[in-house]
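# Observations on the three-dimensional arrangement
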Amino acid sequence: MWFVGRCYKCGHPIAFRSGQKTVTCRRCFKRLSCKKIKILYKVETSMEASAVMRAMKLRKLP
Ligand SMILES: [Zn+2]
């Protein structure tokens, strides 16, 4: 399971796996605690997660 949310510092879309504790934002390089990230989407594969992030960047998804 993959979760997609936004960086709570800069708002950049971010994806992480279930069980992962931290993730580093690719835009601001802040190390984020996965617990603090509001999950917007849940998907099965990393490919789906990157498709969702791409759509978020293009503002096709909130
Ligand atoms: Zn960020």
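Residues numbered from 1 in each chain as written. Predicted model: local features only at pLDDT ≥ 70, side-chain atom pairs only at ≥ 80, totals over all residues.

Turning our eyes to something else, we now look at helix α1 (residues 46-57). The end-to-end C-alpha distance of α1, which contains 12 residues, comes to 16 Å, matching closely the 16 Å that a straight helix rising 1.5 Å per residue would cover. Residues of α1 that are buried include every one of A49, V52, M53 and M56, and no others. Down the axis of α1, the buried set is contained in an arc of 100 degrees. They therefore lie on one face. Turned more than 90 degrees off the buried face of α1, the exposed positions are M47 and R54. Residues of α1 that are buried make contact with β1 (2-6), β2 (13-17) and β5 (39-43). Count one or two residues on from α1 and you reach R59, which has phi positive near 65 degrees. (Helix = DSSP H or I, 4+ residues; strand = E, 2+ residues; numbered from the N terminus. Expected span 1.5 Å × (residues − 1). Buried ≥ 20, exposed ≤ 12 C-beta atoms within 10 Å, placed from the backbone. Arc of directions from axis to C-beta. Contact = placed C-beta atoms within 7 Å.)

Let us now look at the nonpolar core. If you look at the biggest cluster of nonpolar residues, it comprises 9 residues: F3, V4, I14, A15, L32, A49, V52, M53 and M56. Counting only elements with at least two residues in this core, the list comes to β1, β2 and α1. Of all the elements, α1 adds the most residues to this core, at 4 residues. Setting aside its immediate chain neighbours within four residues, A15 contacts W2, F3, V4, A49, S50 and M53. (Core = buried A, V, L, I, M, F, W, Y, C linked by C-beta atoms within 7 Å.)

Located in the positive-phi region is F29, a residue other than glycine, with phi close to 60 degrees. Tracing the backbone shows F29 in the loop between β3 (22-24) and β4 (31-33). In this model, R59 sits at a positive phi of 65 degrees, which is unusual for a non-glycine residue. Inspection of the secondary structure puts R59 in the segment after α1.

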